[in-house]
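This is what each chain is made of:
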Amino acid sequence: MALLEIQDLHVEVAGKEILRGISLDVEAGKVHAIMGPNGSGKSTLSHVLAGRSGYDVTGGSVRYDGSDLLQMNADERARKGVFLAFQYPVEIPGVTTTTFLRQALNAGRRERGEPELDAMEFVKVIRRKTKELGITDDLLKRPVNVGFSGGEKKRNEILQMAILEPRLAVLDETDSGLDIDALKVVSDGINAQRSDDRGVLLITHYQRLLDYVVPDRVHVLAQGCIVKSGGKELALELEKSGYAEFLDAAAA
Amino acid sequence: MAMETKTVEELATGEAYKYGFVTDIEMERAPKGLSEDTVRFISAKKEEPDWLLEWRLRAFRMWKTMAEPTWAKVTYPPIDYQDAYYFAAPKTKEGPKSLDEVDPELLATYEKLGIPLQEQEMLAGVAVDAVFDSVSVATTYKKKLEEMGIVFCAMSEAVQKYPDLVRQYLGSVVPYSDNFFATLNSAVFSDGTFVFVPKGVRCPMELSTYFRINAAQTGQFERTLIVAEAGSYVSYLEGCTAPMRDENQLHAAVVELVTLDDAEIKYSTVQNWYPGDAEGKGGIYNFVTKRGACRGRNSKILWTQVETGSAITWKYPSCILQGEGSVGEFYSVAITNNRQQADTGTKMIHIGKGTSSRIIAKGISAGRADSTYRGLVRIQPKAEGARNYTQCDSLLIGDQCGAHTVPYIESRNPTANVEHEATTSKISEDQLFYCLQRGLSEEEAVSLIVNGFCREVLQTLPMEFAVEAQKLVGISLEGSVG
């Protein structure tokens, strides 16, 4: 049984079908990349997996760790280990990242029947994680994403992931808007978090992220369908020939 | 006239308001209704000197000629002032001399409210005066404060022990003729807190009064007076709760603050009177007059209020900046949910040269509630170089609530600098989803976002109470989303 099993998933937004029958298994320990042009349904897929409202699932199923994921609320999914790194992380003025993360971590710990961490214990967790990832903790004292640069926002997402230790991480265009140095930091952060019991779904437009985070499988999403799957070499192929042929294939 | 309230605990389970219980205790009350006899009864009960009775009677006669104000953006059915009790006190033979003599039922009540009055169990560094309905039932740490010359006691006790001080300052900031509710208070006020900090003394602990309305059909009219002599400092906090009842109850308090040269008073309020049920039945009418006079040079008054309770809040803690270089600050969080209404703000009256004021007001509306910021900044002709900065932010939750901002600015001196900023926003769906995706429930998410919105104000609270206030912010908004 794979960690995530998506079967023939159909999703509509405001009456328009965006995902038109997607099937995909993500096993624990593996990194799957989903590549596709703008408007192919990449972000819709990430939002549906995370449980955002406004998306109508009209067919198919999604199982996570053996349970029906679509029956769970967004917060329940998160507490059970589904993490979404946002393409556009949201600002929460007046709330420090530390406070936000501690509350998030404790919500998950409560769900698992573990004792909550107090402020001091939480600081220790942060120290350990930032050291492991080689990420500085300067962002943690600032209000969540407020006034952060694009690179800082993405770095913060990866740090949040490290602290929440999800079982399934969906990274939505985590490489977008990053310069090469920031891309390197973020990629290193992702690589450091690859582990045998964690499945990762990397959603990206560009191949360049995959130079740093080498996936086990690559899927091409076009017009709401997965039109081709392959090994890491598929990404290089795409880089050369572009998405044009897949768009034709999907339209046919 | 003694009567027994036979109410058993009616703690409604599953309700957000956890202070809604009733204490079963024998009460003594004034006859129902309001007349000169009522005023005389209260004054006699307190064994007051003649001048105070005269003052009360002047206020009462004046009140009879006054009309209830209607300019606030609140609506409520007419109040029948004859259909209420104006004095209710737990029955005791004599006033308690020490904590050991306080009725155990009362101690248990405060224990339940999270305000233990036994000194050994008390919050370190906080002295408490507990006011139950119309009287003060206990004051802690009195001895220790007395050694420093600080007076912290019930108003009725101060009238007996420090008549000259009381006479000098009572009504000197809020005169008995001030406004309908303050005048009513002047006639029938029953107790409250008196604080006097002598010259050059820095009060080493937070002083706190905990107001509790218990008796049914009873108004609470307390009067607080704080005087800080030259170079002194005191931080004072009041908290309030009341049982859940279907009727509306009137709370018309008056607070007067006086600071002399270089003195500072920090006055914080966490107001959590019963707000009424989700349909707007019951709840406290909180019609309060609070005003501070910065009489001395470089003196300072800082108001912080967290207003989460009451069916209706009508309250404008103000500063009269007389002393040269004096400073007034007002930090406010007003949360209204369900059918609550709040019309609150401040007045900063700049009289002296180089006076400055700062107003940070955060209004949060949810459900079908209405919240209004109403503020006045007045620069008098002699207030050379006066400065004011005002920031009003409103946050709306849902689409059936309202937020209104009514700032009045009157500048009569061309050298003055007055700034006003205002924003209105909603909790965005993006923010909520971001929090949910990290595992927070919807209620936790709203509480976190709102606490962030209020942070600037909550930070000004004494640390011991900031945590409580943060929790209260979350609880007040329960059921506001989803």
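None of the values given here were measured: they were computed from a predicted structure.

Engineer: Hey, could you run me through the interface of chain A and chain B in this one?
Structural biologist: Accessible area lost during the coming together of the parts is what is often quoted as the interface size. On the side of chain B, 19 residues touch chain A, which itself brings 32 residues to the contact. Taking both sides of the interface into account, the surface hidden between chain A and chain B amounts to around 2,100 Å²; carbon and sulfur atoms contribute 60%. The interface formed by chain A and chain B includes three salt bridges. Between B:Glu444 and A:Arg110 there is a salt bridge, with the nearest N and O atoms lying 2.8 Å from each other. Connecting chain A to chain B are 13 residue pairs in polar contact (both at pLDDT 80 or more). Elements represented by at least two residues in the side of chain A that touches chain B include exactly helix 1 (42–50), helix 2 (74–79), strand 6 (82–85), strand 7 (92–96), helix 3 (97–111) and helix 5 (150–164) of chain A. Broken down by element, the residue count for the side of chain A that touches chain B peaks at six residues, all from helix 3 of chain A.

Engineer: Sorry, what's going on with the packing of aromatic side chains here?
Structural biologist: Where two aromatic rings form a pair, the distance of their centres and the angle of their planes describe that pair. All names here are of chain B. Counted according to the given criterion, the structure contains 24 aromatic pairs over all chains. With centroids separated by 6.3 Å and ring planes inclined at 70°, the aromatic side chains of Phe287 and Trp314 adopt a geometry described as edge-to-face. Taken together, the residues span a long stretch of sequence, with Phe287 in strand 14 (residues 283–294) and Trp314 in strand 16 (residues 312–315) at a distance of 27 residues. Here Trp314 falls in the buried class, since its relative accessible area comes to 7%. Through pairs of rings, three or more aromatic residues link up here, namely Phe60, Trp63, Trp71, Tyr76, Tyr81, Phe180, Phe181, Tyr285, Phe287, Trp314 and Tyr316. Directly above the ring of Phe453 sits Lys362, whose terminal nitrogen or CZ lies 5.1 Å from the centroid.

Engineer: Honestly, the layout of surface pockets in this entry has me stumped. Any pointers?
Structural biologist: Using a probe with the size of a water molecule, rolled over the atoms, empty space left in the structure can be pinpointed. Estimates place the volume of the second largest pocket at around 1,000 Å³. In this structure, the second largest pocket is lined by 27 residues; those nearest its centre are A:Thr99, A:Gln103, B:Leu448, B:Asn451 and B:Gln470. Of all the secondary structure elements, the ones that give two or more residues to the lining of the second largest pocket are strand 7 and helix 3 of chain A together with helix 9 (442–458) and helix 10 (463–476) of chain B. Per-element tally for the lining of the second largest pocket: the top contributor is helix 9 of chain B, with eight residues. In terms of residue class, the lining of the second largest pocket is made up of seven nonpolar, twelve polar and eight charged.

Engineer: Help me out: how do you make sense of the state of the cysteines in this one?
Structural biologist: Linking two cysteines covalently through their sulfur atoms gives a disulfide. Throughout the structure, instances matching the rule amount to zero disulfides over all chains. Distance from the sulfur of B:Cys153, which forms no disulfide, to the nearest cysteine sulfur (B:Cys203) is 13 Å.

Engineer: I tried to follow the nonpolar core on my own but got confused; where do I start?
Structural biologist: Side chains of nonpolar character tend, in soluble globular proteins, to be buried together. With 109 residues, the main nonpolar core has A:Ile6, A:Leu9, A:Leu49, A:Leu202, B:Ile364 and B:Val450 as its most contacted residues. At nine residues, the largest contribution of residues to this core is made by helix 9 of chain B. Not counting chain neighbours up to four residues away, the residues in contact with A:Leu49 comprise A:Leu4, A:Ile6, A:Val62, A:Leu69, A:Arg77, A:Val82, A:Val170 and A:Leu201. Among the nonpolar cores identified, the runner-up in size contains 35 residues, and B:Tyr141, B:Leu257, B:Trp303 and B:Ala361 belong to it.

Engineer: Just checking my understanding: could you explain the environment of B:Ala252 for this structure?
Structural biologist: Residue and element names in this part refer to chain B. Position of Ala252 relative to the elements: it lies in the loop between strand 11 (248–251) and strand 12 (254–259). Classification of Ala252 as buried rests on a relative accessible area of 0%. Residues Ala252 and Trp314 lie 62 residues apart in sequence; the distance between their C-alpha atoms is 9.6 Å. Beyond its immediate chain neighbours, meaning those up to four positions away, Ala252 contacts Phe181, Asn185, Gln220, Phe221, Glu222 and Phe287.

Engineer: Would you mind going over helix 6 (residues 180–192) of chain A with me for this structure?
Structural biologist: The periodicity of an α-helix, 3.6 residues per turn, causes residues three or four places apart in sequence to face the same way. Residue and element names in this part refer to chain A. Spanning 13 residues, helix 6 covers 18 Å between terminal C-alpha atoms, matching the ideal 18 Å at 1.5 Å per step. For helix 6, the set of buried residues is Ala182, Leu183, Val186, Ser187, Gly189 and Ile190. What you see down the axis of helix 6 is that its buried residues fit within an arc of 155°, all on one side. In this structure, the buried side of helix 6 is in contact with helix 4 (119–133), helix 5, strand 9 (168–172), strand 10 (199–204) and helix 7 (208–212). Where helix 6 begins, one side-chain oxygen reaches toward the backbone nitrogen of Asp181, 3.2 Å away; that side chain belongs to Asp179.

Engineer: Just checking my understanding: could you explain the confidence of the model for chain A for this structure?
Structural biologist: Interpretation of this model should avoid reading the predicted coordinates in detail wherever pLDDT is low. Mean pLDDT over chain A stands at 91; residues scoring 70 or higher make up 98%. Across chain A, the secondary-structure element scoring lowest on mean pLDDT is helix 9 (residues 244–251) of chain A, at 69, and the one scoring highest is strand 6 of chain A, at 97.

Engineer: Please explain the sheet that holds strand 4 (residues 56–64) of chain A as it appears in this structure.
Structural biologist: Within a sheet, each strand pairs with its neighbour through backbone hydrogen bonds, oriented either parallel or antiparallel. Residue and element names in this part refer to chain A. Ordered by their spatial adjacency, four strands build an open sheet running 2-1-4-5, and the pairing between neighbours is antiparallel. Since the sheet does not close on itself, it has two edges, and those belong to strand 2 (16–26) and strand 5 (67–68), each with one partner. Contacts between helix 1 and the sheet are confined to strand 1 (4–13), strand 2 and strand 4, with strand 1 contributing the most and set at about 110° to the helix.

Engineer: What am I meant to see in unusual backbone geometry here?
Structural biologist: A negative phi holds for most residues other than glycine; trans holds for most peptide bonds. The backbone phi angle of A:Glu165 is positive, close to 45°, even though this residue is not glycine. One non-glycine residue, B:Glu47, adopts positive backbone phi at about 50°. One can find B:Glu47 in the loop between helix 1 (36–45) and helix 2 (50–64).

Engineer: So what exactly am I meant to see when it comes to the packing of helix 3 of chain A against helix 5 of chain A here?
Structural biologist: Describing two packed helices takes the angle between their axes plus the distance from one axis to the other. Residue and element names in this part refer to chain A. The interhelical angle for the contact between helix 3 and helix 5, taken along N-to-C directions, is 35°, at an axis separation of 10 Å. As helix 3 runs across helix 5, the sense of the crossing is right-handed. Contact residues: helix 3 offers Thr97, Phe100, Leu101, Ala104 and Leu105, while helix 5 offers Asn156, Gln160, Ile163 and Leu164. Residues of the contact of helix 3 with helix 5, tallied by class, amount to six nonpolar, three polar and no charged.

Engineer: How do you make sense of empty space enclosed by the protein when you look at a structure like this?
Structural biologist: All names here are of chain B. Counted under the stated rule, the structure contains five cavities of 30 Å³ or more. Space inside the largest cavity adds up to approximately 120 Å³. If you go around the largest cavity, you meet 16 residues; those closest to its centre are Lys362, Gly363, Ser371, Thr372 and Tyr373. Where the lining of the largest cavity is concerned, the elements lending two or more residues are strand 18 (327–336), strand 21 (356–365), strand 22 (370–379), strand 23 (387–396) and strand 24 (402–411).

About the criteria used
- Residues numbered from 1 in each chain as written.
- Chains lettered and ligands numbered in written order.
- Predicted model: local features only at pLDDT ≥ 70, side-chain atom pairs only at ≥ 80, totals over all residues.
- Heavy atoms only, no water.
- Contact = heavy atoms within 4.5 Å.
- Buried area = accessible area lost by both parts, 1.4 Å probe.
- Salt bridge = Lys/Arg side-chain N within 4 Å of Asp/Glu carboxyl O.
- Polar contact = N/O pair within 3.5 Å; in protein donor to acceptor, adjacent residues only side chain to side chain.
- Helix = DSSP H or I, 4+ residues; strand = E, 2+ residues; numbered from the N terminus.
- Phe/Tyr/Trp six-rings, centres within 6.5 Å; stacked < 30°, edge-to-face > 60°.
- Buried < 20%, exposed > 50% of the residue type's maximum accessible area, 1.4 Å probe, protein only.
- Lys NZ or Arg CZ within 6 Å of the ring centre and 35° of its normal.
- 1 Å grid on protein atoms, 1.4 Å probe; cavity = no way out; pocket = protein on both sides within 12 Å on 5 of 7 lines; lining within 4 Å.
- Points joined across faces, edges and corners; volume = space filled by probe spheres on them.
- Nonpolar A, V, L, I, M, F, W, Y, C, P; charged D, E, K, R; others polar.
- Disulfide = S-S within 2.5 Å.
- Core = buried A, V, L, I, M, F, W, Y, C linked by side-chain atoms within 4.5 Å.
- Expected span 1.5 Å × (residues − 1).
- Arc of directions from axis to C-beta.
- pLDDT = per-residue confidence, 0-100.
- Pairing = 2+ DSSP bridges.
- Axes fitted to C-alpha atoms, helices over the stretch in contact; angles between N-to-C directions.
- Left-handed = near helix turned anticlockwise from the far one by under 90°.

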